[in-house]
Amino acid sequence: MLGISYRVESMKLLITGGSGFIGSAVIRYLLAETDHHVLNVDKLTYAGNQESLEDIEKNPCYQFRQHDICDQPAIRRLFAEYKPQVVMHLAAESHVDRSIDGPSLFIQTNIMGTYNLLEVARDYWSGLEGEAKECFRFHHISTDEVYGSLGDTGLFVEQSPYDPSSPYSASKAASDHLVRAWHRTYGLPVILTNCSNNYGPRQFPEKLIPLIILNAITGNSLPIYGKGDQVRDWLYVEDHARALCRVICDGTPGETYNIGGHNEKTNLEVVKSICGLLDEMASEHRVGISRYEELISHVTDRPGHDARYAIDAEKIQVTLGWQPKESFESGLRKTVRWYLDNRNWWQHVQDGSYRGERLGLGVGLVS
Ligand SMILES: NC(=O)c1ccc[n+]([C@@H]2O[C@H](COP(=O)([O-])OP(=O)(O)OC[C@H]3O[C@@H](n4cnc5c(N)ncnc54)[C@H](O)[C@@H]3O)[C@@H](O)[C@H]2O)c1
C-alpha cells in the first residue's frame, strides 16, 4: 500500500449527503484545512440544506450535484465524469422517530442507496490501474446504534455484535454488512466508521439538542421521552469531521473505527445543561418563568428506546492519533451560542415542512 504522503496531497472526493448536518461540517473542514476537491452529491431531502454551505459554495474546489443515490445511471455518470479518488458516503435517512413512523424510505436510501453506490464504485474501481486503484477508498459513515443497547456498564468496541433496535439502526446495520461484504467478496477498499450521537451548529431541529434550544427560546415545552434516563455518548460535530478526515488519509482498508466523545450523559442531564446555558445567555426570551427548566415535560417514551450507548474510541486514538478537542461543556456552549446567533438559518428550516411535531410513536405514516 502506498504511504501517507500520497494521501495528504490534493485528492478528489465524492461526498454523498454533504448538505446534511455532518456532511456539511466535513466539507467545510476539508475546504478550510486541506487542498482536496469536493463533489457533493445530495438529493436535498427535508434534511439537506444548502444554507449550511453558503460560505463555501463559490469555492473553486467545490461542486454540487443534486441526485438521489438510488439513481444508479446518474451516479455512474458522476463517477465517470468526476473520477473520484475517495468516496465518503454520508447520505442517509437519519432520524429514528421518522423511521418508526415510515420505515420504507430508510430501507430505500440506507440499504438500496448504499448497494447502488457500492456497485457503481466497484465497477469504477475495477477499471482503475496502478496507484489510482491502490489508493481508492470507499468510506462508509455509520452509527453506534447498530450495536443496540448497553447495560449500566461496558463500552461498544469494533468487535461488538450487531443488535439494532429501530428501523433506522437496522437499515444502517444492513448497509454496514453490505459494505464489508463488498470488501471481502470483491476486494473493494472500504473503511467503516461507527460514531456516537453528534451535536453542534446546523443540526436539523428534530434532534434532541437543537429541538430543546429552539423550543425553549420560543416558549414551548421541552419534551423528555420517559424519565429521560437514556444515556448517550455525545460528540461535537467538528470533532467527528476531523476524525473522518483522519480516516480517509490514514485508515486501513477493511478496518472499522469507532468514534466517540467520552461524554456520557442522560437525556435529562443534556436538557438541564441547555436550560442552564440559556438562563445565562438568553434570559430575555424567558417569558412567564424564572428558569428554562420549568418548561420540561415528560412524554411517552419512544418504542424500543435503547437505554445506553457508549463508545470505546481507543483504536482510532491509538492508530490514527485522533481525539476530540471539545468537552461536552465547551461544545454545548458553542452550539447554544450558534443557534442564538443564527436565527435566519433555523427560521428558514422551520418555514419548511417540519414544524417540531412529535414523531415516532408508530402511529404516523404507513410504510
Ligand atoms: N447525526 C448523528 O448523530 C450521527 C451519528 C453517527 C452516524 N451518523 C450517520 O452520519 C450520516 C450523516 O448524518 P446527518 O446527521 O448529517 O444526517 P442528516 O439527516 O442531517 O443529512 C443527511 C443528508 O443526506 C441527504 N440524503 C438523504 N437521502 C438521500 C438520497 N437518497 N440521495 C442523496 N442524498 C440523500 C439529505 O438530503 C441530507 O443532506 C448518516 O449516514 C448517519 O447515519 C449520524
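Structural notes, computed from the coordinates. These figures come from a predicted structure and were not determined experimentally. (Residues numbered from 1 in each chain as written. Predicted model: local features only at pLDDT ≥ 70, side-chain atom pairs only at ≥ 80, totals over all residues. Heavy atoms only, no water.)

1. Let's talk about the overall build of the protein
Broken down by element type, the protein carries 13 helices and 12 strands. The C-alpha atoms of the protein give a radius of gyration of 20 Å, which matches the 21 Å a tight globule of 367 residues would have. Referenced to the eigenvectors of the C-alpha coordinate spread, the extents of the protein come out at roughly 70 × 45 × 45 Å. Within the span of the protein, comprising 367 residues, buried residues form 55% of the whole. (Helix = DSSP H or I, 4+ residues; strand = E, 2+ residues; numbered from the N terminus. Rg over C-alpha atoms; globule rule 2.2 N^0.38 Å. Buried < 20%, exposed > 50% of the residue type's maximum accessible area, 1.4 Å probe, protein only.)

2. What about the site of the ligand?
In the region of the ligand, 28 residues are neighbours, and Ile22, Asp42, Ser94, Tyr168 and Lys172 sit closest. Interatomic distance of 2.7 Å between a side-chain N/O atom of Ser94 and an oxygen atom of the ligand. Tyr168 is positioned such that a nitrogen or oxygen atom in its side chain is 2.6 Å from an oxygen atom of the ligand. About the coverage of the ligand: the protein hides 96% of its 840 Å² of free accessible area. At the level of elements, helix 2 (21–33), strand 5 (137–143), helix 7 (167–186) and strand 7 (197–199) are the ones that each hand at least two residues to the shell around the ligand. (Near = heavy atom within 4 Å. Polar contact = N/O pair within 3.5 Å; in protein donor to acceptor, adjacent residues only side chain to side chain. Areas by Shrake-Rupley, 256 points an atom, 1.4 Å probe, with all protein chains shown as cover.)

3. What about the pairing of strand 5?
Residues in a regular strand project their side chains so that they alternate between the two faces of the sheet. Taking burial as the measure, the seven residues of strand 5 include seven buried ones, the bulk of the element. Burial along strand 5 is two-sided: Arg137, His139, Ile141 and Thr143 facing one way and Phe138, His140 and Ser142 facing the other are all buried. The pairing of strand 5 with strand 6 (residues 190–195) spans six bridges and is parallel. Bridged to His140 within strand 6 is Leu192. Crossover handedness for the path strand 5 to helix 7 to strand 6: right-handed. (Pairing = 2+ DSSP bridges. Right-handed = clockwise from strand over helix to strand, strands pointing away.)

4. Some remarks on the sheet that holds strand 2 (residues 37–42)
For sheets, the rule is that strands pair by backbone hydrogen bonds, running either parallel or antiparallel. Within the open sheet, the seven strands sit side by side as 3-2-1-4-5-6-10. Their pairing is parallel. Each edge of the sheet is formed by a strand with only one pairing partner; in this case those strands are strand 3 (62–66) and strand 10 (256–259). Along the sheet, successive strands turn relative to each other by an average axial angle of 20°, direction set aside. Pairing of strand 1 (residues 12–16) with strand 4 (residues 86–89), which is carried by four bridges, proceeds in the parallel orientation. Paired with Ile15 across the bridge in strand 4 is Met88. Across the sheet, helix 5 (residues 104–126) lies against strand 1, strand 4 and strand 5, angled at about 165° from strand 5, the strand it touches most. Strand contacts of helix 9 (residues 237–250): strand 1, strand 4, strand 5, strand 6 and strand 10, with the helix running at about 150° to strand 5, the strand carrying the most contacts. (Axes fitted to C-alpha atoms, helices over the stretch in contact; angles between N-to-C directions. Contact = heavy atoms within 4.5 Å.)

5. Observations regarding the packing of aromatic side chains
Overall, the coordinates contain 15 aromatic pairs when judged by the stated rule. Centroid distance Trp338 to Tyr339: 5.0 Å. Interplanar angle 85°. Geometry classified as edge-to-face. When sorted by exposure, Trp338 lands in the same class as Tyr339, which is buried. An aromatic cluster is defined as three or more aromatic residues linked by ring pairs; in this entry it consists of Tyr147, Phe156, Tyr162 and Tyr309. (Phe/Tyr/Trp six-rings, centres within 6.5 Å; stacked < 30°, edge-to-face > 60°.)

6. Some remarks on the sheet that holds strand 11 (residues 264–266)
Spatially, three strands are ordered 7-9-11 in an open sheet, and the strand pairing comes out mixed. Two strands in the sheet have a free side with no partner beyond their single neighbour: strand 7 and strand 11. Neighbour to neighbour, the strand axes of the sheet diverge by 50° on average, direction disregarded. Where strand 7 meets strand 9 (residues 231–236), three bridges bridge the pair, whose relative direction is parallel. When the bridges of strand 9 are listed, Asn198 appears paired with Leu235.

7. Observations regarding helix 13 (residues 343–351)
Helical periodicity: at 3.6 residues per turn, an α-helix aligns residues three or four positions apart in one direction. When we look at burial in helix 13, the residues that qualify are Trp345, Trp346 and Val349. Buried residues of helix 13 fall within an arc of 85° about the axis and therefore sit on the same side. Of the exposed residues in helix 13, those oriented more than 90 degrees away from the buried face are Asn344 and Asp351. Buried residues along helix 13 sit in contact with helix 8 (208–217) and helix 12 (328–341). (Arc of directions from axis to C-beta.)

8. Side note on the pattern of salt bridges
All told, the structure shown has 16 salt bridges when counted by the stated rule. We note a salt bridge from Arg98 to Glu206, for which the minimum N-O separation is 2.6 Å. Of this pair, Arg98 sits in helix 4 (residues 96–101) while Glu206 sits in the loop between strand 7 and helix 8, and the two are 108 residues apart along the sequence. Asp341 is paired through a salt bridge with Arg337; the nearest N and O atoms lie 3.2 Å apart. On the criterion of helical spacing, the pair formed by Asp341 and Arg337 is a turn pair, its members being four residues apart in helix 12. (Salt bridge = Lys/Arg side-chain N within 4 Å of Asp/Glu carboxyl O.)

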